[in-house]
Amino acid sequence: MKPKIIFIAATLMAIAVPAHAETMKAIVAREYGGPEVLKYEDVPVPTPKENEILVKVFAAGVNSFDGNLLAGNWAKPPNGTQLPWHPGYDIAGVVEKVGSKVGKFKPDDAVYAFITILKGGGYAEYALAKESDAALKPATISFVEAAGVPSVALTAWQALVDKANVQSGQTVLINGASGGVGMFAVQIAKIHGAKVFATASAANQEFLKQLGADVPIDYKTQKFEDIAKDIDVVIDAVGGETLARSYPVVKKGGIIVALTSDVDKAQLRKYGIRGASLVVQNNGNELAQIGKLIDEKKIKVVVSETFPLADAAKAEKKADLGHTRGKIVLKVRDEPK
Ligand SMILES: NC(=O)c1ccc[n+]([C@@H]2O[C@H](COP(=O)([O-])OP(=O)(O)OC[C@H]3O[C@@H](n4cnc5c(N)ncnc54)[C@H](OP(=O)(O)O)[C@@H]3O)[C@@H](O)[C@H]2O)c1
């Protein structure tokens, strides 16, 4: 290229990109589809609103639900996902900037957060979180581990504690117990003094025991309904036929919490049981309580695989299979020393 042309090109670029714009690497979907639509791009660093924090992201959790968002199944106006779509809603990092009304956090605080799913933005070097959606990161675990906690641990907590009000001495059946939600559900049920029946495939039976499950069940060779009877609380993270077979195992007056669909009211009436479906809610206070239990070594976090941010599409492909042990996490940058 001749010097004159270089000069013109540089001038045009200077006009197109304002001098103050700071950019970062982020994952962006400019169309809906499978994981292959995820691109690794340069985008502007976002600016926090008055109630938001800007987090320098060290790690971001990958979720099996992401496939739905990517496919555009939640793109209904006015509040659905919008293109370009910025995925990622579980983050762990360090506060870079705070909005004018933020009082809970200050720059350099290590935090983790479950950020608004339909807004996303977590698969990036910097991400915004509402102050109320974040908590201080548990100090005893890494950023990678912390990024595996927020949405799935909140789901397990809200299902067992907020919906089912699980009590000591009760029996709990967890379907899909070796995945992100299940890993936390088993441990939260144990902390509350329940006897835990937990289903996963043969490869995860030992893992279920390590999490504290009293009765691990291999769903491929055993029928949970032959083993788990008169159950007080069922948490179903599998759905379909597994959910349908779960109603009869609940004792009269007991409760089934469905995580993948609505509960079948006719089945609830038939068996004289209660039911609830759950949509996980952002909740920084509950995240702080969970973090305390992690630091007290009452809850462990297992991350089975990490991918660099640039390989988000590969990570999503793996998560889509629905057989993750614990969590898959994107490592956005090296852990601080
Ligand atoms: N309602 C909400 O707010 C909410 C929030 C979070 C997640 N979810 C939903 O909950 C579900 C689970 O999420 P997740 O993140 O925990 O998924 P995940 O990490 O992919 O884990 C799924 C786990 O289920 C096990 N599994 C698969 N088929 C099974 C079966 N037939 N019986 C028993 N276990 C089975 C797998 O173990 P094996 O490999 O051993 O088969 C795997 O460990 C997803 O559908 C997700 O969308 C809902």
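Worth saying up front: this structure is predicted, and the values here are computed from it rather than measured.

### Remarks on the overall build of the chain
For step 1, the next point in the chain: Within the chain, the regular secondary structure consists of eleven helices and 15 strands.
For step 2, the next point in the chain: In summary, the chain has a C-alpha radius of gyration of 22 Å against a globular reference of 20 Å for 337 residues, a match within 12%.
For step 3, the next point in the chain: Dimensions of the chain along its principal axes, counting C-alpha atoms only, are 80 × 40 × 35 Å.
For step 4, the next point in the chain: Taking all 337 residues of the chain together, 47% fall into the buried category.

### Some points on the pairing of strand β10 (residues 215-218)
For step 1, the next point in the chain: Of the pairings in the sheet, the one linking strand β9 (residues 195-200) to β10 comprises four bridges and is parallel in character. Across the sheet, the residue bridging to Ala198 is Pro216, located in β10.

### Regarding the packing of helix α4 (residues 150-163) against helix α10 (residues 284-295)
For step 1, the next point in the chain: At a minimum axis separation of 10 Å, α4 and α10 run at an interaxial angle of 95°. Here α10 runs roughly perpendicular to α4, going by the angle between their axes. From α4, Pro150, Ala153, Leu154 and Trp157 reach across to α10, where they touch Glu286, Leu287 and Ile290.
For step 2, the next point in the chain: Taken together, the residues that form the contact of α4 with α10 break down as six nonpolar, no polar and one charged.

### Some remarks on the domain arrangement of the chain
For step 1, the next point in the chain: Taken domain by domain, the chain comprises domain 1 (17-148 + 302-331) and domain 2 (152-277).
For step 2, the next point in the chain: Contact residues are listed per partner, giving eight residues for domain 1 and seven residues for domain 2.
For step 3, the next point in the chain: The residue makeup of the side of domain 1 that touches domain 2, split by class, is two nonpolar, four polar and two charged.

### Side note on the site of the ligand
For step 1, the next point in the chain: In the vicinity of the ligand lie 31 residues, with Gly176, Gly179, Ser201, Val280 and His323 positioned nearest.
For step 2, the next point in the chain: For the shell around the ligand, the elements supplying multiple residues, two or more each, are α4, α5 (180-191) and β9.
For step 3, the next point in the chain: A class-by-class count of the residues in the shell around the ligand yields twelve nonpolar, 18 polar and one charged.
For step 4, the next point in the chain: Counting residues domain by domain, the shell around the ligand receives three or more from each of domain 1 (17-148 + 302-331) and domain 2 (152-277).

So, how was this worked out
Residues numbered from 1 in each chain as written. Predicted model: local features only at pLDDT ≥ 70, side-chain atom pairs only at ≥ 80, totals over all residues. Helix = DSSP H or I, 4+ residues; strand = E, 2+ residues; numbered from the N terminus. Rg over C-alpha atoms; globule rule 2.2 N^0.38 Å. Buried ≥ 20, exposed ≤ 12 C-beta atoms within 10 Å, placed from the backbone. Pairing = 2+ DSSP bridges. Axes fitted to C-alpha atoms, helices over the stretch in contact; angles between N-to-C directions. Parallel < 35°, antiparallel > 145°, perpendicular 65-115°, else oblique. Contact = placed C-beta atoms within 7 Å. Nonpolar A, V, L, I, M, F, W, Y, C, P; charged D, E, K, R; others polar. Domains from an automatic or database assignment. Near = placed C-beta within 6 Å.

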